[in-house]
Amino acid sequence: CGSSTGDVFVQPAVAPSRSGLVDLALNAQMGTNMVGGRQVTAPTYNGTFPGPTVRVRPGDQLRVLLRNDLPDDVPAQGVNQPNGRYLTNLHTHGLH
């Protein structure tokens, strides 16, 4: 999404299906990216925000290794801080 400062939406990296398999390693980690014309440091997947787009076809196998390398301690202003820790999850759109 663009912003009033003229920033252009950049398409995320694509993890395509190859021979019926998407084999993907995702590393949840802190990263610095431009969001809405501002440089922000926030949780990312593989250092990018947003994380990659996963392209699968009916019948494909999706294999994901999700590693949480987010810091143990959350800054006081953090909003994702149950028990003072960063949490992560993986969710999908369109998979059954």
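Residues numbered from 1 in each chain as written. Predicted model: local features only at pLDDT ≥ 70, side-chain atom pairs only at ≥ 80, totals over all residues. Heavy atoms only, no water.

Student: Would you mind showing me how to read unusual backbone geometry here?
Tutor: Trans is the prevailing form of peptide bonds, just as negative phi is the prevailing case for residues other than glycine. Omega for the peptide link from Phe-49 to Pro-50 comes to -5°, which places this bond in the cis form. With respect to the secondary-structure elements, Pro-50 resides in the loop between strand 3 (38-45) and strand 4 (53-54). Phi is positive for Ser-19, which is not a glycine, with a value near 55°. Along the chain, the position of Ser-19 falls in the loop between strand 1 (14-15) and strand 2 (21-35). In this structure, Asn-46 takes a positive phi of about 55° despite not being glycine. Inspection of the secondary structure assignment puts Asn-46 in the loop between strand 3 and strand 4. You can call Asn-46 partly exposed: its relative accessible area is 37%. (Helix = DSSP H or I, 4+ residues; strand = E, 2+ residues; numbered from the N terminus. Buried < 20%, exposed > 50% of the residue type's maximum accessible area, 1.4 Å probe, protein only.)

Student: What should I look at first to understand the environment of Pro-52 in this one?
Tutor: Positionally, Pro-52 belongs in the loop between strand 3 and strand 4. Classification of Pro-52 by relative accessible area gives partly exposed; the value is 23%. Between the C-alpha atom of Pro-52 and that of Val-14, which follows or precedes it by 38 residues, the distance is 5.4 Å. Filtering out sequence-adjacent residues up to four positions away, Pro-52 remains in contact with Pro-12, Ala-13, Leu-26 and Tyr-45. (Contact = heavy atoms within 4.5 Å.)

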